Amino acid sequence: MKMKTIKVGIMPKEQYKQRTIDIAKGLYKPKKDEPKIWFESIKSMAQILSNENQKLLQIILDNKPTSLKELEELTGRAKSNLSRTLKTLARYGIVELHKEKNSLVPKVKATNFHVEFGLSAA
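The paragraphs below set out a description of the structure included in this document. Quick caveat: nothing in here was measured; it's all calculated off a predicted structure.

## Here we look at the environment of Lys 25
Alright, step 1. Positionally, Lys 25 belongs in the loop between helix H1 (13-24) and strand S2 (37-39).
Alright, step 2. Overall, Lys 25 belongs to the exposed group, its relative accessible area being 61%.
Alright, step 3. It is 34 Å that separates the C-alpha atoms of Lys 25 and Thr 111, two residues lying 86 residues apart in sequence.

## Quick look at the packing of aromatic side chains
Alright, step 1. A full pass over the atoms with the stated rule returns one aromatic pair.
Alright, step 2. Their ring planes at 15° and their centres at 4.6 Å tell us that Phe 39 and Tyr 92 sit as a pair that is stacked. Here the residue Phe 39 occupies a position in strand S2, and Tyr 92 occupies one in the loop between helix H5 (79-91) and strand S3 (95-100), the gap between them amounting to 53 residues.
Alright, step 3. Classification of Phe 39 by relative accessible area gives buried; the value is 3%.

## A few points about the nonpolar core
Alright, step 1. Phe 39 and Ile 94 are the most contacted members of the largest nonpolar core, which has 21 residues in total.
Alright, step 2. Contributions of two or more residues to this core are made by strand S1 (4-10), S2, helix H2 (42-48), helix H3 (51-63), helix H4 (68-75) and H5.
Alright, step 3. Those residues in contact with Phe 39, other than ones at most four positions away along the chain, are Val 8, Gly 9, Ile 10, Met 11, Ser 44, Met 45, Ile 48 and Tyr 92.

## A word on the pattern of salt bridges
Alright, step 1. Scanning all chains against the criterion turns up six salt bridges.
Alright, step 2. Here Glu 34 makes a salt bridge to Arg 19, at a shortest N to O gap of 2.6 Å. With Glu 34 in the loop between H1 and S2 and Arg 19 in helix H1, the pair connects residues that are 15 residues apart, well separated along the chain.
Alright, step 3. Looking at Glu 34, the relative accessible area reads 11%, which means it is buried.
Alright, step 4. Where Glu 73 meets Lys 69, a salt bridge forms, and the shortest distance between an N and an O atom there is 3.9 Å.

## Re the side chain of Thr 85
Alright, step 1. Mapped onto the elements, Thr 85 comes out in helix H5.
Alright, step 2. Judged by relative accessible area, which is 13%, Thr 85 ranks as buried.
Alright, step 3. The residues touching Thr 85, leaving out its near neighbours within four places in the chain, are Asn 53, Leu 56 and Arg 77.

## A few points about the sheet that holds S1
Alright, step 1. Reading across the sheet, the three strands line up as S2-S1-S5 and stay open at both edges, with parallel pairing between neighbours. A single partner strand is all that each edge strand has here, and the edge strands are S2 and strand S5 (110-116). Taken pair by pair, the neighbouring strands of this sheet meet at an average axis angle of 35°, ignoring direction.

Rules used throughout
Residues numbered from 1 in each chain as written. Predicted model: local features only at pLDDT ≥ 70, side-chain atom pairs only at ≥ 80, totals over all residues. Heavy atoms only, no water. Helix = DSSP H or I, 4+ residues; strand = E, 2+ residues; numbered from the N terminus. Buried < 20%, exposed > 50% of the residue type's maximum accessible area, 1.4 Å probe, protein only. Phe/Tyr/Trp six-rings, centres within 6.5 Å; stacked < 30°, edge-to-face > 60°. Core = buried A, V, L, I, M, F, W, Y, C linked by side-chain atoms within 4.5 Å. Contact = heavy atoms within 4.5 Å. Salt bridge = Lys/Arg side-chain N within 4 Å of Asp/Glu carboxyl O. Pairing = 2+ DSSP bridges. Axes fitted to C-alpha atoms, helices over the stretch in contact; angles between N-to-C directions.

These figures come from the coordinates and say nothing about function on their own.
Put into structure tokens, the structure is as follows:
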């Protein structure tokens, strides 16, 4: 199965808020090839795509756990910690969480990330 590449962008919070307002007002229409996921800084992106989270994604890919309990056993991480991390990754579209037989099953949606950012004149 081919994994999707997610295009991510880096944009300061104020600039992102203005962009969102402009889109809502119809003043700006995002281009098709623009990032769909935005981080406030490289630092915030690095926290989400940390080595620990990359390891977690690899464990999910390799083992295809059928529950958080199984993932907890595979990783040695507490269920509350895993749940929080997976929800954050899901918010960014990196994983998908779906219910199956009363269990929350994680599925990796993206393994490749194309980062787009630049310095703009203030």
